[in-house]
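# A look at the structure
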Amino acid sequence: MKLTAILSSTAFGLVMTATAHAQEVTIYCDDIGFGCKTMAPVAERFNEEHPGKTVKLETVSYQTVVEALPVQLESGEGPDAAIITDLGGLSRYYVDLTPYVDAANFEKEFGQTLQWLRGTDGKSKAINGMPTSLTVNGAYVNLTLFEQAGVPVPEEGATWDEWAEAARKVAEATNTEFPMEMDRSGHRFASFAISHGAELVDEEGNPVVDDGLHAAIDKFVEWHKNGTMPLDLWGAVGGSTHRELFEDFLNANVVFYFGGSWTLSRMDTEVGDLFEWAVVDTPCGPSSCTAMPGGGALVGFKHTPNPELVGEYIDYVAQPENYKEIIAAAVEIPAATSLIEEGVDYPTASERTQVALRTFMDQIPKMAPAAYRFQGWRYQRAMMNALTTRISQVINDELTAEAALERIRQDVELAIQAAEAK
Amino acid sequence: MRAAAIFSRALAALPARAIEPVMRGAQNILGIKRMPWVFLFPNLAAVLFFSLLPVFINIFYSATGSDRLYPADRPYVGAANYETLFECGSYLDPSTCSRDLFWRALGNTLIFVPVQVAAMIGIALFTAICLNRDIRGRGFFRGIFFFPVMLSPVVVALTWQWILQRNGALNGLLTALGLTPVNWLVFPNSAFFWSVFVTVWAHMGFFTIILLAGLQSIPRDVYEAAKMDAANPWRVFTRITLPMLKPTLLVVFILCVIRSVQTFDELYVLTGGGPGSATILIVQYIYEIGFAIQPRNFGLAAAASLLLGAVLLVFTLIQLRLARGKSYD
């Protein structure tokens, strides 16, 4: 009896000691591209190779990451780490992982995008996380419709106007519902605006509402009025609501769709050989031919009791072989310089999709500095929300373009003022 | 068996016995007249904690700035948030206001609520009267009309979006009939109509059931007497049904107004407040300012919600005034 008691208490003590030393971190990620699903095999391997340490991937919706996570973080709650897309906006919640990762390798591989995670602190050298993948917005074109219409596909360097003209001809000849569509997203509109000379944000981080933005809004509204673009997206929806109608492109209801690289994987699964399509070079405006960069990052948060485990895991994911494995499974554009140069094989993607991915990657060097600056700006979301809300109002004749510009300026300034109130 | 019964009785009596000294002590201290407060305390505490405390927190947030959540991190800004909301060139023209969307949302809400409440009560009453008749399949129809109430608002909105969108079911039907399809959610007036329609469709069943219960509580002999007096159906409706249904109608009216002002989920998913700002209602505006956009402006959202609260308070007082002193037997 005595022996049993001694053995039991020893076993209990051992279990308690092991529990006290066991570390676990929870990571929020969605299931799109570089997310929980594609990261799971690497996380499992990490757990096997690191006894006593557990990385738990928790699949959440993109909406949760965008809307609920910031509130959790503000109240000091939430996961230890997450894959987020508002890189600059959440910067004050990040933990500096420099002591736990190979900092030199991070700087070498993710240099420019690391800056996006540092928010307004231009002098910071902190490593707050790992950019997971780059996204590039861009245009999908239905080549079959062009062929049927006998209209030549505009070549590299073609302007937005030339694309609109060609798409209109094709739609008319083939009785396609609409020539062009663009996601209802401030991010997508930003590339159009920057191509037309808009700055959106200056070097000092102040919002800019200029003639370039005015020109872009005028043209964009005109295309909605003359039927080049449908009213369903930017016309029918209000507020800051994000809306996509990529199904229109998948169903060959539109000639030219301006979306992004993240929908590429749907082309193989949902279109296959039903029609010929391609991703084309970003159309040019009077100022540049820029797309907008974007992407996610795997970041650790300040409130985590296990920053070293978060750092250790992120460093593990950043190892070339692990990172390459996830990128290939996600069919996304890598954020690591070496992988961009070397190229990635995507075994699950068709040849056409791989060509499209290369086209997206080819847009990266052409991106305007304003596009990078806007992407890393802490108040980017405030500007994007103002753009979607106000442009929809102009399309619906609630505001003139001039009034919309004034409103955009006011909206962003009010957001900055509210955020920086002392 | 007997022992078990004794034990169970003792167990049942235990809490009463245990609490008796406490209650006696409380009565000695407070006096017998104040004892009801002791019994009311648990519910009062819940109301204070979950209803009144958030109001005070909201007042605090409306007088502070920053996108930080913790009160200690939020600087005092006085009435700045209210000033921002009221900064207008002309109160008759929302586009001259600094926060034009707040005024547009308020204006939309002031149109939406009476239209939706009138439609809701009218259709629910008509349906309840039909379902109160001795028709074949009455139980089935009662179930059918109540069914949408059980659906999640998001499901309702997505279903109707699928029906109303450009290539939706309704346009499919129109095309099959050789008619021209219409882009229902693209034009402000039709989007507003469908917003009212969808919310009425979704909630009508709930009010129909309440009204049906009210109709069934009207004594049959009153109708029989009217029949003997050869009263026509319209006279029966206006002189018997409607007056005797008034208490139920008042309850339905109050519930309906409250629900109508709170409308958010269905329209947020169905139209997102568009086209432009044609269907944005005040709750959506508050949600977007406080939670959907970055950086979050909790102060402005709190100020807007308090102003909405003030408007609702006025309406509630008017309703209470109208309802006071009336009894229907």
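Residue positions within a chain follow its written sequence, with the count starting from 1. Here the convention is simple: chains get letters from A, ligands get numbers from 1, in the order in which they are written. A pLDDT threshold of at least 70 governs which residues receive local features in this predicted model, and a stricter bar of 80 or more applies before side-chain atom pairs are shown or counted, although totals over entire chains, interfaces and linings include all residues. Note that water and hydrogens are dropped before the side-chain values are worked out from all heavy atoms of the structure.

## Let's talk about the domain arrangement of chain A
Bring the parts together and some accessible area is lost; that lost area is often taken as the interface size. Residues and elements named next belong to chain A. Note the following rule: For the purposes of this description, domain bounds are those given by an automatic or database domain assignment. Should any heavy atoms of two residues lie within 4.5 Å, those residues are counted as being in contact. Put simply, buried area is the surface a 1.4 Å probe can reach on two separate parts but cannot reach once they are joined, added for both. We count a salt bridge whenever a side-chain nitrogen from Lys or Arg sits within 4 Å of a carboxyl oxygen from Asp or Glu. Polar contact criterion, stated in full: a pair of N or O atoms within 3.5 Å, where within protein one must be able to donate a hydrogen and the other to accept it, and residues adjacent in sequence count only if both atoms are side-chain atoms. Secondary structure elements follow DSSP: runs of H or I no shorter than four residues count as helices, runs of E no shorter than two count as strands, and numbering proceeds from the N terminus. In this classification, the charged set is Asp, Glu, Lys and Arg, the nonpolar set is Ala, Val, Leu, Ile, Met, Phe, Trp, Tyr, Cys and Pro, and all remaining amino acids, among them Gly, are polar.
According to the domain assignment, chain A contains domain 1 (23-134 + 294-354) and domain 2 (136-292 + 366-419). Taking only C-alpha atoms into account, the centre of domain 1 sits 28 Å from that of domain 2. If you look at the interface, domain 1 gives 19 residues, while domain 2 gives 16 residues. Each partner contributes to the roughly 1700 Å² buried at the junction of domain 1 and domain 2, and carbon and sulfur atoms together form 48% of this total. When residues of domain 1 are sorted by the area they lose upon contact with domain 2, Trp116, Arg352 and Thr353 head the list and together hold 36% of the total. On inspection of domain 1 and its partner domain 2, the count reaches three salt bridges. With its nearest N and O atoms 3.8 Å apart, the salt bridge here joins arginine 381 to aspartate 86. Between the two partners, domain 1 and domain 2, sit seven residue pairs in polar contact (both at pLDDT 80 or more). For the side of domain 1 that touches domain 2, the elements supplying multiple residues, two or more each, are helix H3 (62-74), helix H4 (103-116), strand S8 (293-300) and helix H14 (351-363). Per-class residue counts for the side of domain 1 that touches domain 2 are six nonpolar, 10 polar and three charged.

## Here we look at the state of the cysteines
Residue and element names in this part refer to chain A. Formally: Note on terminology: disulfide denotes any pair of cysteine sulfur atoms within 2.5 Å. Each residue gets one of three labels from its accessible area relative to the maximum for its type: buried under 20%, exposed over 50%, partly exposed in between, using a 1.4 Å probe on protein chains only.
Enumeration according to the criterion identifies three disulfides over all chains in this entry. A disulfide bridge connects cysteine 29 with cysteine 36, and the sulfur atoms are separated by 2.0 Å. The sign of the 90 degrees torsion about the S-S bond sets the cysteine 29-cysteine 36 disulfide as right-handed. Here the two residues cysteine 29 and cysteine 36 agree in accessibility, since each one is buried. Between the sulfur of cysteine 284 and that of cysteine 289 lies a disulfide, 2.0 Å long from S to S. Between cysteine 284 and cysteine 289, the disulfide has an S-S torsion of 95 degrees and is therefore right-handed.

## Some words on the packing of helix H10 (residues 233-261) of chain B against helix H13 (residues 298-323) of chain B
Residues and elements named next belong to chain B. We count it as follows: Here an angle of 0 to 180 degrees is reported between the N-to-C directions of two axes, which are lines fitted to C-alpha atoms, with helices fitted over the stretch in contact. Roughly parallel refers to an angle under 35 degrees, roughly antiparallel to one over 145, roughly perpendicular to one between 65 and 115, and oblique to any angle outside these ranges.
Running from N to C, H10 and H13 point in directions that differ by 175 degrees, and their axes come no closer than 12 Å. Considering the angle they form, H10 stands roughly antiparallel to H13. Contacts between H10 and H13 pair Leu250, Phe253, Ile254, Val257 and Val261 from the former with Leu308, Leu312, Gln319 and Ala323 from the latter. Here the residues of the contact of H10 with H13 are counted per class, giving eight nonpolar, one polar and no charged.

## A short note on the nonpolar core
All names here are of chain A. Basically, it comes down to this: To define a nonpolar core, start from buried Ala, Val, Leu, Ile, Met, Phe, Trp, Tyr and Cys residues and group those joined through side-chain atoms within 4.5 Å.
Phe34, Ile84, Tyr140 and Trp277 are the most contacted members of the largest nonpolar core, which totals 80 residues. If you tally residues by element for this core, the top one is helix H11 (residues 307-318), at seven residues. In this structure, Val170, Met384, Leu399 and Leu405 belong to the second largest nonpolar core, which totals 60 residues.

## Points about H11 of chain A
Residue and element names in this part refer to chain A. For clarity, the cut-off: Here, expected helix span is obtained from the residue count minus one, scaled by 1.5 Å.
In this model H11 runs 16 Å from its N-terminal to its C-terminal C-alpha over 12 residues, within 8% of the 16 Å that 1.5 Å per residue would give. Summarising burial for H11: 10 of the 12 residues are buried, a large majority. Turning to H11, its buried residues number three or more, namely Pro307, Leu309, Val310, Gly311, Tyr313, Ile314, Asp315, Tyr316, Val317 and Ala318.

## Notes on the packing of aromatic side chains
Condition: Only rings of Phe, Tyr and Trp enter the pairing, Trp through its six-membered ring, and a pair is recorded when the two centres are within 6.5 Å. The plane angle decides the type: under 30 degrees is stacked, over 60 is edge-to-face, the rest tilted. A ring is considered to have a charge above it if a Lys NZ or an Arg CZ atom is located within 6 Å of its centre and within 35 degrees of its normal.
Inspection of every chain in the model, using the stated rule, returns 51 aromatic pairs over all chains. Note on phenylalanine 86 of chain B and tryptophan 103 of chain B: the rings are 5.6 Å apart at their centroids and 65 degrees apart in plane angle, and the pair reads as edge-to-face. Here phenylalanine 86 of chain B is found in helix H3 (residues 80-86), whereas its partner tryptophan 103 of chain B is found in helix H4 (residues 100-132), with 17 residues between them in sequence. Of the residues examined, phenylalanine 86 of chain B reaches a relative accessible area of 35% and is grouped as partly exposed. Note on tryptophan 234 of chain B and phenylalanine 237 of chain B: the rings are 5.8 Å apart at their centroids and 35 degrees apart in plane angle, and the pair reads as tilted. Pair noted here: tryptophan 234 of chain B and phenylalanine 237 of chain B are both in helix H10, with a separation of three residues, about one helical turn. Under the relative-accessibility criterion, tryptophan 234 of chain B is labelled exposed at 61%. Every member of this aromatic cluster is reached through a ring pair, and the members are Phe146, Trp160, Trp163, Phe189, Phe192, Phe220, Trp223, Trp234, Phe256 and Phe258 of chain A. Over the aromatic face of tryptophan 234 of chain A sits the side chain of arginine 184 of chain A, whose NZ or CZ is 6.0 Å from the ring centroid. Lying over the aromatic face of phenylalanine 206 of chain B, arginine 259 of chain B brings its terminal NZ or CZ to 5.0 Å of the ring centre.

## A short note on H14 of chain A
Residues and elements named next belong to chain A. Given a rise of 1.5 Å per residue, 13 residues ought to cover 18 Å, and the 19 Å separating the end C-alpha atoms of H14 matches this to within 8%. The complete set of buried residues in H14 reads Thr353, Gln354, Ala356, Leu357, Thr359, Phe360, Met361 and Gln363. Residues of H14 that are buried make contact with strand S4 (129-142), strand S6 (254-260), helix H10 (264-271), strand S7 (277-280), strand S9 (333-334) and helix H13 (337-342).

## Examining the interface of chain B and chain A
Contact residues are listed per partner, giving 45 residues for chain B and 48 residues for chain A. When the two sides are added together, the surface that chain B and chain A hide from each other amounts to roughly 3400 Å², 45% of it contributed by carbon and sulfur. At the junction of chain B and chain A, the tally comes to 10 salt bridges. Across the pair glutamate 177 of chain A and arginine 166 of chain B runs a salt bridge, and its minimum N-O distance is 3.7 Å. Viewed at the interface, chain A and chain B are joined by 20 residue pairs in polar contact (both at pLDDT 80 or more). Among the elements of the structure, H4, helix H11 (265-270) and helix H12 (282-292) of chain B are those that each provide at least two residues to the side of chain B that touches chain A.

## Topic: the pairing of strand S3 (residues 81-84) of chain A
All names here are of chain A. Applied cut-off: For two strands to count as paired, DSSP must find a minimum of two bridges between them.
Burial along S3 is two-sided: Ala81 and Ile83 facing one way and Ala82 and Ile84 facing the other are all buried. Judged from the two bridges that link them, strand S1 (residues 23-29) and S3 form a sheet pairing that is parallel. Considered in S3, the bridge of isoleucine 27 is made with alanine 81. Relative to S8, S3 is paired through four bridges, and the arrangement is antiparallel. Considered in S8, the bridge of alanine 82 is made with valine 299.

## Brief notes about the side chain of asparagine 396 of chain A
Among the structural elements, asparagine 396 of chain A can be located in the loop between helix H16 (380-395) and helix H17 (401-419). We classify asparagine 396 of chain A as buried; its relative accessible area is 17%. In terms of polar contacts, asparagine 396 of chain A uses its side chain to reach the backbone carbonyl oxygen of serine 392 of chain A, at 2.9 Å. In contact with asparagine 396 of chain A, other than residues within four places in its own chain, are Gly235 of chain A together with Val186, Pro188, Pro275 and Gly276 of chain B.

## Concerning the pairing of S8 of chain A
A regular strand places its side chains on the two faces of the sheet in alternate fashion. Residues and elements named next belong to chain A. Along S8, eight of the eight residues are buried, which leaves the element largely enclosed by surrounding structure. Because side chains alternate across S8, one face comprises the buried residues Pro293, Gly295, Ala297 and Val299, and the other comprises Gly294, Gly296, Leu298 and Gly300, equally buried. Bridging between S4 and S8 involves seven bridges; their strand directions are antiparallel. Bridge pairing in S8 places methionine 130 opposite leucine 298.

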